[in-house]
Amino acid sequence: MAHLYKKLKKGHEYFYIRETQRVYGKPTTINQVYLGTADKVEAALGKGGFSPKEFGSVFALNELDREVDLAGMINEILPPKKRVRGPSLGELVFYAALNRAIAPTSKRQLANWYETTDIQRIRPLRLESLNSQNFWNHWDRISDADLEKIKTTFFKKIHALLPDQKHRLVIETADISAPPKPSVFAGMPQPDQDFLAEHLAQQKLGLALITEWSHGIPLYYQSFSGGVPTTGFHDHLEHLLSKVSNLGVAIEDVTLLVNQDMAAAPIIEQIDAKDGMHFIVSYPPDFAPELMEISLKDFRPLPGNRGAQLSPVAKEDEKILFYETKATFWNQPRRVVITFDPKSFHKSYQDLGKKVQRVRKEILALAQRQAQDADQASAIESVKTHLAQLCLRLKISPDLFQLNFVPGKGQLRLEFQLDHRQMAGVVRHFGKNILITDREDWGVEEIYDTCVTRAVLGPELGDAKSTNGNRPYGIAKDNRSLFQKALLPLYHWTDSKIRVHLFVCVAALNYLTLLSQRLAAAGINMTPNEAMEELRELRTAIYAKDPEGKLKRVLEEVNDQQSAILKTLGYVVEDGKVAAL
């Protein structure tokens, strides 16, 4: 309930809008907005709403949770302790998942973010209880065995919410690395910083995620200490599939996206021996250099919207191209699809140009400084060593550059030029990707779609800044996959916390993809990001709504798309409030 509140300060009257509500049974001030003096209040009341708060996104995902009841499920497995006040363990996990699905923040910023939302009208709580220490105290209760029980119960509920139909299953894998805290390096000499950074980089957590193909809804996941096993992963396939089968999911059509770092041969040998199991391996161009000799004149546009870079009005020179052939890999003829992405090509070409210019500038400057060095052999060796180290840092080959040292008149002159033949060989690989599969029943667009655009984990999961313009759920400023957005940055540095955080992020992904599935079933063609953008713009604000000037928090103007989403969830907007249909 909103009302004007007056304070006297040094004989002057100042006004505020206060909103109160019962939280845990006690009247609590949940929002306070400073207005000013009486004259300012009178002038301001006719100008619109006060204190707008994000409503639609929190409301929609909370409605989806009514069928899941994440908090209740966790509390049943780990009941709240009698003397604990405030949110339970299950509620804290839910509040964290809600934040990760909408606008991920660190635990320190969680209360501040929730203060910008209308959570108090949807799921009231004392925001001060959303502090990082409270999270750590509760999350420490979750053992590995407890987490496994939580996962099993959660995914059983998720599967029960899906339509009763045959699901195409996709298995993906990736490694997750937590970045070191900046404070760890404070005052450390550079060699020690390099050693520690390398050590921390080895503390990886591997992830295998099983999703249904159409909307990317997670059905189960498994984590691995130290990263995804590069050898012997085929031994984990049976375990993963048995877990999914025990949830009631039929194992009839499974496609494994093989990580290029894995030992592919034993995995594919196991897949070849099983009915209903398939694979797609994505390799960089240098895996099969002979395939890179195929001219782009023989490539064709990828069928469907994917061939138009997810836009039906894409320019001709922006379309993704492909070439299909057969080649023997792992002792059998396999279907091979080579793709070419023009946007990726141009980006890589521009990046290479910048690196070449940097190398040219640094090497010529170094050679000029050492031109009059008495020991010319030492000077030459110094320039070559610097070139090798610089190319290693820039991840380009020193073979791209030709150095010719010309002595004369007491000084050394460097002739620096590009090796155009080597450069052409490098550029020929840009924008290309090799997809190898045993799926003969899928079209090229389905193979590409599964391996590139519908892949949930992304190619560089450990890098918070990584982007991929091919992702269907991305936007112009941030093209990471849905899961990357929920997961990164981690803000966690211990294995136990990362494991719980991982479940929170998978749960967040489930809410987003369930929303997308509901919208699709109602004939609304919106990606989760598009739906969330619309819902985030659906806000409430405080207005003076009646002749007596009483203040009420109501919904701001609702557009057609927002109304359609709410209708899918069973609600309409009446008199500035949501009401059940």
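Whatever comes next refers back to the structure up there.
Residues numbered from 1 in each chain as written. Predicted model: local features only at pLDDT ≥ 70, side-chain atom pairs only at ≥ 80, totals over all residues. Heavy atoms only, no water.

A.B. asks: Just give me the short version of the pairing of strand β18 (residues 571–574), but keep the residues and values in it.
C.D. replies: In terms of strand pairing, β18 meets strand β19 (residues 577–580) through four bridges, oriented antiparallel. Each residue of the ladder has a partner; that of Val-573, found in β19, is Val-578. Between β18 and β19, which pair antiparallel one after the other, the connecting turn spans two residues, and Asp-575 there sits at a positive phi close to 55 degrees. (Pairing = 2+ DSSP bridges. Helix = DSSP H or I, 4+ residues; strand = E, 2+ residues; numbered from the N terminus.)

A.B. asks: I'd like a rundown of the pattern of salt bridges, residues and numbers included.
C.D. replies: Throughout the structure, instances matching the rule amount to 18 salt bridges. With its nearest N and O atoms 2.8 Å apart, the salt bridge here joins Glu-54 to Arg-536. Placement of the pair is Glu-54 in strand β4 (residues 50–54) and Arg-536 in helix α18 (residues 528–536), with a sequence separation of 482 residues. Overall, Glu-54 belongs to the buried group, its relative accessible area being 3%. For Glu-324, the salt bridge is made with Arg-335, and the minimal N-O distance between the two is 2.6 Å. Residue Glu-324 is found in strand β11 (residues 321–329), and its partner Arg-335 is found in strand β12 (residues 332–340); the two are separated by 11 residues along the sequence. Arg-335 sits in the buried class, given a relative accessible area of 7%. Via salt bridges that share partners, Glu-148, Lys-151 and Lys-243 belong to a single interconnected network. (Salt bridge = Lys/Arg side-chain N within 4 Å of Asp/Glu carboxyl O. Buried < 20%, exposed > 50% of the residue type's maximum accessible area, 1.4 Å probe, protein only.)

A.B. asks: Residues and numbers for the nonpolar core, please.
C.D. replies: Ranked by internal contacts, the top residues of the largest apolar core, which has 144 residues, are Leu-70, Phe-233, Phe-401 and Phe-483. Of all the elements, helix α17 (residues 495–521) adds the most residues to this core, at 15 residues. Core analysis: the next-biggest nonpolar cluster, separate from the first, contains 16 residues, Trp-213, Trp-442, Val-444 and Cys-451 among them. (Core = buried A, V, L, I, M, F, W, Y, C linked by side-chain atoms within 4.5 Å.)

A.B. asks: Let's hear about the environment of Thr-513: which residues, and what values?
C.D. replies: In this structure, Thr-513 sits in helix α17. As for Thr-513 and Ser-214, which are separated by 299 residues in sequence, their C-alpha atoms are 9.8 Å apart. Thr-513 has contacts with His-215, Gly-216, Ile-217, Pro-218 and Leu-482, leaving out every residue within four places of it along the chain. In this structure the side chain of Thr-513 is engaged in a polar contact, spanning 2.7 Å, whose partner is the backbone oxygen of Leu-509. (Contact = heavy atoms within 4.5 Å. Polar contact = N/O pair within 3.5 Å; in protein donor to acceptor, adjacent residues only side chain to side chain.)

A.B. asks: Break down helix α12 (residues 342–369) for me, citing the residues and quoting the values.
C.D. replies: With 28 residues, α12 extends 41 Å between its outermost C-alpha atoms, agreeing within 8% with the 40 Å of an ideal straight helix rising 1.5 Å per residue. The complete set of buried residues in α12 reads Pro-342, Phe-345, Leu-352, Val-356, Val-359, Ile-363, Leu-366 and Ala-367. Capping the start of α12 is the job of one residue whose side-chain oxygen sits 3.1 Å from the backbone nitrogen of Lys-343: Asp-341. (Expected span 1.5 Å × (residues − 1).)

A.B. asks: Would you mind going over the packing of aromatic side chains in detail, with residue names and values included?
C.D. replies: Counted under the stated rule, the structure contains 24 aromatic pairs. Look at Phe-155 and Tyr-221: their rings are 6.2 Å apart centre to centre, the planes differ by 75 degrees, and that puts the pair in the edge-to-face class. Here Tyr-221 lies in strand β7 (residues 218–225) and Phe-155 lies in helix α8 (residues 144–161), a separation of 66 residues in the sequence. Classification of Tyr-221 as buried rests on a relative accessible area of 1%. (Phe/Tyr/Trp six-rings, centres within 6.5 Å; stacked < 30°, edge-to-face > 60°.)

A.B. asks: An account of the side chain of Asp-438 is requested, with residue identities and associated values reported.
C.D. replies: Looking at where Asp-438 falls in the secondary structure, it is placed in the loop between β15 (432–437) and α15 (444–453). Of the side chains with opposite charge, Arg-334 lies nearest to the buried Asp-438, which makes no salt bridge, at 5.3 Å. (Lys, Arg positive; Asp, Glu negative; His and termini not counted.)

A.B. asks: Account for the environment of Asp-575, naming residues and giving values.
C.D. replies: Along the chain, the position of Asp-575 falls in the loop between β18 and β19. A residue is classified by how much of its surface remains accessible, and Asp-575, at 77% relative accessible area, is exposed. For the pair Asp-575 and Val-554, spaced 21 residues apart in sequence, the C-alpha separation works out to 7.9 Å.

By themselves, these figures tell us nothing about what the structure is for.
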